[in-house]
Amino acid sequence: ASTTFKLLLSRDGGATWLNVSPEKEAQSWYAPACSQSGQYVMTANADKINYVSYDFGQTWVISNIGNFWTSTAISINGTNQVATALYDVHISSDSGDTWQIAPISSILKSGEQLVSACVSADGESITIGSGRLAATGQVLLSKDGGESWEKASALPATTAWEALTCSADGQMIAACQG
């Protein structure tokens, strides 16, 4: 028997949970993120289908960017959204209506997969973590909403930067080695 996994959402601080899965069945769900108000929600499933909700998880739209989101992040008001898709970073500055691929290919190593992301409250500071199949991972930084990128050179080499989070102003960044 196969297991059906659900995408659950709480609108009352975790007291109750609702099944808001856009599909009746999915292998599993990954990379959820929501804006501060909860109006904008993003997620992906193991069937490589990516979803965005513009109405607090009531309805879902399939987003055809990338092949599989490995992580997502949303600015405080939902205007700026970031999704990593293994070898690409997709950025939206209009609440997910249109997407651009960030210019990072020149600083990625061969086989380096993008696995984590965080974004500041205003969407200008974006941090991306990489690793997995590459021998070492790195943390990539943008301070201009994804127009330009640099490596966080002060970090040690590791197999992967599996999880990231950042403060509202993007200055404080916590990065977990995997």
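Residues numbered from 1 in each chain as written. Predicted model: local features only at pLDDT ≥ 70, side-chain atom pairs only at ≥ 80, totals over all residues. Heavy atoms only, no water.

Asks: Any chance you could explain the nonpolar core here in plain terms?
Replies: General note: in soluble globular proteins, nonpolar side chains tend to be found buried as a group. V82, V89, I104, I128 and W149 are the most contacted members of the largest nonpolar core, which totals 15 residues. Residue assignment for this core shows that the elements contributing at least two residues are β9 (88–92), β11 (113–119) and β12 (126–131). With three residues, the single largest contributor to this core is β11. If we ignore the near neighbours within four places in the chain, the residues touching W149 are V89, I91, A102, P103, I104, I107, I126, I128, L140, L141 and S142. Membership of the second largest hydrophobic core comes to 11 residues, among which are A33, M42, A44 and W99. (Core = buried A, V, L, I, M, F, W, Y, C linked by side-chain atoms within 4.5 Å. Buried < 20%, exposed > 50% of the residue type's maximum accessible area, 1.4 Å probe, protein only. Helix = DSSP H or I, 4+ residues; strand = E, 2+ residues; numbered from the N terminus. Contact = heavy atoms within 4.5 Å.)

Asks: What is the right way to read the layout of surface pockets from this model?
Replies: To find leftover empty space, a probe the size of one water molecule is rolled over the atoms. The computed volume of the largest pocket comes to approximately 250 Å³. In terms of lining residues, the largest pocket is bounded by 17 residues, among which L8, L9, S10, C34 and V41 are the most central. Take the lining of the largest pocket: its biggest share by element is five residues, from strand β3 (residues 29–34). Classifying every residue of the lining of the largest pocket gives 12 nonpolar, four polar and one charged. Forming the boundary of the second largest pocket are 14 residues, of which I91, S93, Q100, G145 and E147 lie nearest the centre. (1 Å grid on protein atoms, 1.4 Å probe; cavity = no way out; pocket = protein on both sides within 12 Å on 5 of 7 lines; lining within 4 Å. Points joined across faces, edges and corners; volume = space filled by probe spheres on them. Nonpolar A, V, L, I, M, F, W, Y, C, P; charged D, E, K, R; others polar.)

Asks: Would you take a moment to explain the state of the cysteines for this structure?
Replies: Here, disulfide denotes a covalent bond that connects the sulfur atoms of two cysteines. A full pass over the atoms with the stated rule returns zero disulfides. C176 carries a free sulfur, and the closest cysteine sulfur to it, the one in C118, is 11 Å from it. (Disulfide = S-S within 2.5 Å.)

Asks: Where do I start with the pairing of strand β8 (residues 81–85) in this structure?
Replies: Counting buried residues along β8, five of its five residues qualify, which places the element largely inside the surrounding structure. Where burial is concerned, the two faces of β8 agree: the one with Q81, A83 and A85 and the one with V82 and T84 are both buried. As judged from the four bridges shared by strand β7 (residues 71–74) and β8, these two strands associate in the antiparallel manner. Looking at the pairing, I74 lines up with Q81 of β8. Between β7 and β8, which follow one another and run antiparallel, lie six residues, and G78 among them has a positive phi close to 85°. Linking two consecutive strands that pair antiparallel, namely β8 and β9, is a turn of two residues; a positive phi of about 55° is found at L86 within it. (Pairing = 2+ DSSP bridges.)

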